[in-house]
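# Fold and geometry: a report
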Amino acid sequence: MNFPADLKYTKDHEWVRVEGDEAVIGITDFAQRELGDIVFVDISSVGEEVAANEVFGTIEAVKTVSDLFMPVQATVLSVNEAIDASPELVNNDAYEAGWIIRVKLSNPDDVNGLLSADEYKAEVTS
């Protein structure tokens, strides 16, 4: 499994890449493996401010549907349009082409409370 050191992680298996006062969010390599073949991603929160730990959308795999949780309070700016036509991008490239949303962080310092790559790796491999 892949655990990029430049990202922050949640116990709910989302990752966050901070870019100034914005961030890109997706699900981890571990999460996409657990879900299996992803067939649909539904994000209906564009333009909305979503509190930390609240649901911002769902991700559907062949056998299950899972909620997506906002890692920190943020406003959803956009959705990765490429995954509408090709949701398998989340399986094939979870940390780059398979990103899910871009957000404006309400408080950029909030990401400091998320897990580091080593902490997340310990969480999922223990």
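Please refer to the structure higher up on the page.
Predicted, not measured: the structure shown is a model, and the values here were computed from it. (Residues numbered from 1 in each chain as written. Predicted model: local features only at pLDDT ≥ 70, side-chain atom pairs only at ≥ 80, totals over all residues. Heavy atoms only, no water.)

### Re unusual backbone geometry
Selection criterion: In DSSP terms, a helix is any run of H or I states spanning at least four residues, a strand is any run of E spanning at least two, and both are numbered starting from the N terminus. Exposed residues in this analysis have more than 50% of their type's maximum accessible area, buried residues have under 20%, and partly exposed residues fall in between, with area computed by a 1.4 Å probe over protein chains only.
Phi at histidine 13 is positive, roughly 75 degrees, even though this residue is not glycine. Within the secondary structure, histidine 13 is located in the loop between strand S1 (8-9) and strand S2 (14-19). For histidine 13, a relative accessible area of 23% gives the class partly exposed. With phi around 70 degrees, asparagine 53 is a residue other than glycine that occupies positive phi space. By the secondary structure assignment, asparagine 53 is in the loop between strand S5 (49-50) and strand S6 (55-61). By relative accessible area, which is 53% here, asparagine 53 ends up exposed.

### Regarding the sheet that holds strand S9 (residues 101-105)
We count it as follows: DSSP bridges decide pairing: two strands pair if at least two such bridges lie between them.
Taking strand neighbours across the sheet as the criterion, the six strands line up as S1-S2-S3-S9-S8-S5 in an open arrangement whose pairing is antiparallel. Every interior strand has two partners, whereas the edge strands, S1 and S5, have only one. In this sheet, S9 lies alongside strand S3 (residues 22-27) in antiparallel orientation, the contact comprising four bridges. Its bridge partner lying in S9, glutamate 22 is registered against lysine 104.

### Thoughts on the pairing of strand S8 (residues 74-79)
For S5 and S8, the ladder comprises two bridges, and the chain directions are antiparallel. Within the sheet, the bridge partner assigned to glutamate 49 lies in S8 and is threonine 75. Bridge count between S8 and S9: five bridges; the pairing is antiparallel. The residue bridging valine 76 from the neighbouring strand is valine 103, located in S9.

### Quick look at the pairing of S6
Note: strand S4 (residues 38-43) against S6, five bridges, orientation antiparallel. Within S6, the residue paired with isoleucine 43 across the bridge is glycine 57. Sheet topology note: the S6/strand S7 (residues 65-69) ladder contains five bridges and is antiparallel. When the sheet's bridge partners are listed, glutamate 60 is paired in S7 with valine 65. Connecting the antiparallel pair S6 and S7 is a turn made up of three residues.

### Some thoughts on the sheet that holds S4
Rule in force here: A fitted line through C-alpha atoms represents every axis, and for helices the fit uses only the stretch in contact; the resulting angles, taken between N-to-C directions, go from 0 to 180 degrees.
Pairing is antiparallel across the open sheet formed by three strands, whose spatial order is S4-S6-S7. Only two strands of the sheet have a single neighbouring strand rather than two, namely S4 and S7. The mean inter-strand angle of the sheet, taken between neighbouring strand axes irrespective of direction, is 25 degrees.

### So, the side chain of glutamine 32
Where we set the bar: Whether two residues touch is decided by their heavy atoms; if any such pair falls within 4.5 Å, the residues are in contact.
Among the structural elements, glutamine 32 can be located in helix H1 (residues 29-35). With residues up to four places along the chain from it excluded, the contact list for glutamine 32 reads Ile27, Ile38, Val90, Asn91 and Ala94.

### Examining the pattern of salt bridges
Put simply, the test is: Each salt bridge in this description consists of a side-chain nitrogen of Lys or Arg and a carboxyl oxygen of Asp or Glu lying within 4 Å of one another.
Tallied over the entire structure, the rule returns five salt bridges. A salt bridge links glutamate 96 to arginine 17; the shortest N-O distance between them is 3.4 Å. Highlighted residues: glutamate 96 in the loop between helix H3 (89-92) and S9 and arginine 17 in strand S2, separated in sequence by 79 residues. The exposure class of arginine 17 is buried, given its relative accessible area of 15%. Across the pair glutamate 19 and arginine 102 runs a salt bridge, and its minimum N-O distance is 2.7 Å. Here arginine 102 lies in strand S9 and glutamate 19 lies in strand S2, a separation of 83 residues in the sequence.

Everything listed is a geometric property; what it means functionally is a separate question.
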